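Commentary on secondary and tertiary structure
Residue-level listing of the chains:
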Amino acid sequence: MKQTICLTLLFLVSLGVGAQPAPEIITGKVFELEQGQQHPLSGANIYWAGTTQGTISKPDGSFTIQRNTSTNLLVVSFSGYKADTLITDQLNYFEILLDNVYEIEGVEVVKRSKTTSFSMIDPIKFEKISETELLKAACCNLSESFETNASVDVSFTDAITGTKQIQLLGLAGPYTQITRENIPDIRGLSAIYGLEFIPGTWIESIQLNKGTGSVINGFESIAGQINVELRKPESAEKLHFNAYVNQDSRVETNLNLAHKINDKLSTGLLLHARTQQTQMDGNDDGFMDKPLGEQLILLNRWNYVTTNRWESQLGLRATFNRNTGGQMGFPENTPSGLWGLNMETNRLEGWLKIGKVFDKNPAQSIGTQFSGLVHDHNSTFGEKHYAGNQKSLYANVIFQSVQDISHSYKAGFSFQYDGYAETLDSLDFQRQELVPGIFAEYNYSLNDHFDLVMGMRADYHNLYGVFFTPRVHIRYALADRSVMRFSGGRGQRTASIIAENNSVLASSRSFIIRPSKETLPYGLDKEVAWNFGTNFTQNFKLGYREGTLSADYYYTHFTSQVVVDMDQSPQEITFYNLEGKSYASSMQIQLDYELLPRFDIRLAYRWYELRTQYLSGMLQKPLVSPHRAFANLAYRTRSHWSFDYTVQWQSSKRIPSTESNPEAYRLSSHSPSFFLMNAQVSKQWAEKYDVYLGVENILGFKQPNPILASSDPFGEYFDASLIWGPVFGRMVYAGVRLRIP
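Residues numbered from 1 in each chain as written. Predicted model: local features only at pLDDT ≥ 70, side-chain atom pairs only at ≥ 80, totals over all residues. Heavy atoms only, no water.

1. With respect to the packing of aromatic side chains
- The final tally for this structure, using the stated rule, is 22 aromatic pairs.
- For the ring pair phenylalanine 674 and phenylalanine 701, a centre distance of 5.2 Å and an interplane angle of 15° mean the geometry is stacked. Of this pair, phenylalanine 674 sits in strand β43 (residues 674-685) while phenylalanine 701 sits in the loop between β44 (689-696) and β45 (731-740), and the two are 27 residues apart along the sequence.
- For phenylalanine 701, a relative accessible area of 24% translates into the label partly exposed.
- Between phenylalanine 701 and tryptophan 724, the aromatic rings sit 6.2 Å apart at their centres with planes inclined by 50°, giving tilted as the arrangement. (Phe/Tyr/Trp six-rings, centres within 6.5 Å; stacked < 30°, edge-to-face > 60°. Helix = DSSP H or I, 4+ residues; strand = E, 2+ residues; numbered from the N terminus. Buried < 20%, exposed > 50% of the residue type's maximum accessible area, 1.4 Å probe, protein only.)

Structure representation (structure tokens):
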């Protein structure tokens with residue numbers, strides 16, 4: 001959707017006016033300058049001079065306003081920026097760059113952009129995480145990009161692979177649809193490890209929304225959507241270099257290059273390399289705390305714009321990842337009697353986007369998205385071997401029409417192909433999924449106070465039959481600074497049960513599947529859930545400084561689910577179809593406020609209740625903290641020193657039962673609660689050079705004995721998957737950045 005809007009706005013720039021009558025609708029886009037780069041400005045006021053007729057720019061900076069017959073002067077303003085007045089006459093599209101610095105009798109007034117902002121205008125609540133927010137922590141990849149975010153929980157999957165996973169609304173990462181520039185990206189066999197394949201320095205911004213999102217991007221979103229915008233060659237810095245090293249000998253380098261070949265054609269090259277070669281055992285359990293290995297990711301993208309309102313993008317990415325872990329001294333590929341991990345992933349993918357704004361009717365446009373990938377994974381966990389191969393193709397065609405300032409719609413069709421081949425020791429799983437679908441989404445807007453989005457899609461799955469996906473979003477502005485939203489809808493997906501529970505391979509548990517129908521993937525049914533939610537956002541000004549108070553509640557009800565049961569036996573993980581109830585309730589309240597000049601605070605509290613009907617009864621979902629309190633403090637001096645500090649408290653978590661184990665290999669039924677603290681100091685010179693120094697897990701808190709029966713790794717009680725807290729202790733890191741605009 002966003003891509004289509006961007007294409008529309010871009011091509012409208014070159015709209016010829018000639019002797020044509022003035023169009024009734026004025027559209028445009030508002031920008032600001034941040035660190036030498038042009039970024040969309042959300043929330044700018046656009047109004048006709050001398051009237052009360054106006055609107056506000058959307059998160060992507062775009063706006064639409066009905067032409068006024070009494071004046072041709074359109075004013076664009078934003079607090080802390082120098083207002084601009086446009087003479088519209090015959091023109092119907094404008095791009096406005098507001099100066100965020102101006103002088104009043106020698107006093108410099110500077111507008112500080114929020115590092116994380118909440119949409120006040122969009123019918124769907126988006127939490128936009130900017131690059132500045134990501135720089136608060138040296139996030140090395142997407143899984144580490146939410147350290148200063150209260151909405152997303154981040155935890156380790158196990159004590160062997162060093163992999164981090166995310167949770168939204170208390171539900172595991174695969175229930176969140178993750179897209180790259182609105183194309184489905186991390187899914188299937190990469191649902192867990194794929195988060196590590198998007199380097200943090202490649203990310204321009206992240207848009208996060210809870211609950212079911214738009215039907216345009218597919219039917220798989222249940223807990224929410226995370227869209228990642230990568231650096232674009234037409235707007236990115238010519239050069240961005242980052243080097244990172246931590247006390248565990250992890251070294252990362254990133255080099256981003258962008259080049260405008262001419263006014264129409266631009267290209268970007270993004271390179272990432274990581275290595276870790278020193279074995280570390282901080283808890284003396286005989287196992288490496290983190291695996292050794294190398295990672296190399298390369299991306300090349302092109303953007304081409306024509307004068308006749310066509311735009312196209314082409315991207316290619318290659319990922320090579322190799323890890324070795326397990327017991328200290330484990331030699332790669334050499335039989336030694338030690339328990340070892342070998343994991344190798346190779347992934348190739350490409351995508352193409354083409355968009356066109358119609359010459360005769362610029363309010364209409366069409367956009368197409370195509371992508372394809374080959375994902376190959378091989379791993380050995382002790383005596384277990386798992387291999388998976390995925391081949392996917394995706395196509396999406398979207399037609400958009402803006403009827404007038406109140407009515408617009410999108411419609412189109414899509415096709416998804418996924419071919420999977422997996423082996424787990426002697427077990428063999430293969431499936432091919434073909435899903436053609438059609439969709440439509442209608443948007444109604446009334447006086448900037450009420451918005452309604454109704455979407456419906458119908459997809460035919462060759463294995464599961466017809467999917468109907470209705471979704472609705474309602475926005476009502478109680479006042480200029482108060483917005484209430486409601487959302488509801490359905491989502492469904494196919495669970496890749498082995499890849500999504502890969503961490504259990506780091507144990508002696510047997511994989512037990514209780515199939516219901518042999519012709520279905522793994523013999524199990526699809527997962528279907530309804531999600532309903534409401535949220536309230538209040539912007540306010542206190543002591544001349546702005547703040548935002550937000551609260552939300554979401555309820556997810558599964559009508560069909562693949563239950564992952566680790567309570568039946570400490571030596572088994574069992575998969576079966578849900579027979580009974582399964583639900584997730586989530587509530588969060590968050591305050592963002594500039595307490596003192598350039599000193600921001602973020603306070604949040606969230607609560608989960610997640611229960612599922614297991615074979616042994618209705619139980620709380622394991623290894624998820626029901627309560628979490630969060631605080632982030634950020635201070636930036638006029639001389640460009642930045643200080644960031646994050647503390648969070650997580651309550652006790654339920655641990656899957658180990659009651660039937662011998663006493664020496666039993667765990668408590670619940671974990672203790674604990675605190676985590678992170679801090680970072682950085683300094684910038686001339687907006688080109690940065691150095692940063694940080695500490696993760698300042699208190700050094702670690703889960704004691706994260707590996708059960710670590711002294712007998714080939715025994716039946718060995719288990720490294722019962723992780724409820726940090727596996728590593730205090731960790732110091734440092735790095736440098738270089739930017740050339």
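2. Considering the sheet that holds strand β15 (residues 171-172)
- Taken together, the 3 strands give an open sheet; going across it, the order is β13-β14-β15, and neighbouring strands pair in antiparallel fashion. Lying at the two open borders of the sheet, with one neighbouring strand each, are β13 (152-156) and β15.
- Strand direction decides the pairing type here: β13 and strand β14 (residues 164-168), joined by 5 bridges, are antiparallel. From the neighbouring strand, valine 154 faces β14, where its bridge partner is isoleucine 166. (Pairing = 2+ DSSP bridges.)

3. Examining the sheet that holds strand β4 (residues 54-56)
- If you trace the 4 strands from one edge of the open sheet to the other, you get β4-β3-β6-β7, paired in antiparallel fashion. Looking along the sheet, the strands with just one partner apiece sit at the ends: β4 and β7 (84-87). Across the sheet, the mean angle from the axis of one strand to that of its neighbour is 20°, orientation sign disregarded.
- Pairing of strand β3 (residues 45-48) with β4, which is carried by 3 bridges, proceeds in the antiparallel orientation. Note on β4: the bridge partner recorded for isoleucine 46 is threonine 55. (Axes fitted to C-alpha atoms, helices over the stretch in contact; angles between N-to-C directions.)

4. Regarding the nonpolar core
- Core analysis: the largest hydrophobic core is formed by 40 residues, its most contacted members being Leu142, Phe146, Ile206 and Ile226.
- Of all the secondary-structure elements, those providing two or more residues to this core are β14, β17 (183-186), β18 (203-210), β19 (224-230), β23 (292-305), β35 (545-560) and β39 (599-614).
- Once you skip the residues sitting within four places of it in the chain, isoleucine 206 turns out to touch Glu127, Lys128, Ile129, Leu134, Leu142, Ser145, Phe146, Ile226 and Asn227.
- Core analysis: the second largest hydrophobic core is formed by 36 residues, Ile160, Phe197, Ala720 and Ile723 among them. (Core = buried A, V, L, I, M, F, W, Y, C linked by side-chain atoms within 4.5 Å. Contact = heavy atoms within 4.5 Å.)

5. With respect to the confidence of the model for the chain
- The predicted model of the chain averages 89 in pLDDT, with 93% of residues at 70 or higher.
- Confidence, expressed as mean pLDDT per element, reaches its minimum in the chain at helix α1 (residues 2-12) with 41 and its maximum at strand β37 (residues 572-577) with 97.
- The low-confidence segment residues 1-21 (pLDDT under 50) makes 57 contacts with residues lying over four places distant or belonging to another chain. (pLDDT = per-residue confidence, 0-100.)

6. Describing the environment of phenylalanine 219
- Structurally, phenylalanine 219 can be placed in the loop between β18 and β19.
- For phenylalanine 219, a relative accessible area of 11% gives the class buried.
- For the pair phenylalanine 219 and glycine 437, spaced 218 residues apart in sequence, the C-alpha to C-alpha distance is 9.7 Å.
- Residues in contact with phenylalanine 219, not counting those within four places in the same chain, are Val435, Arg457, Asp459, Phe467, Thr469, Arg471, Gly491 and Gln492.

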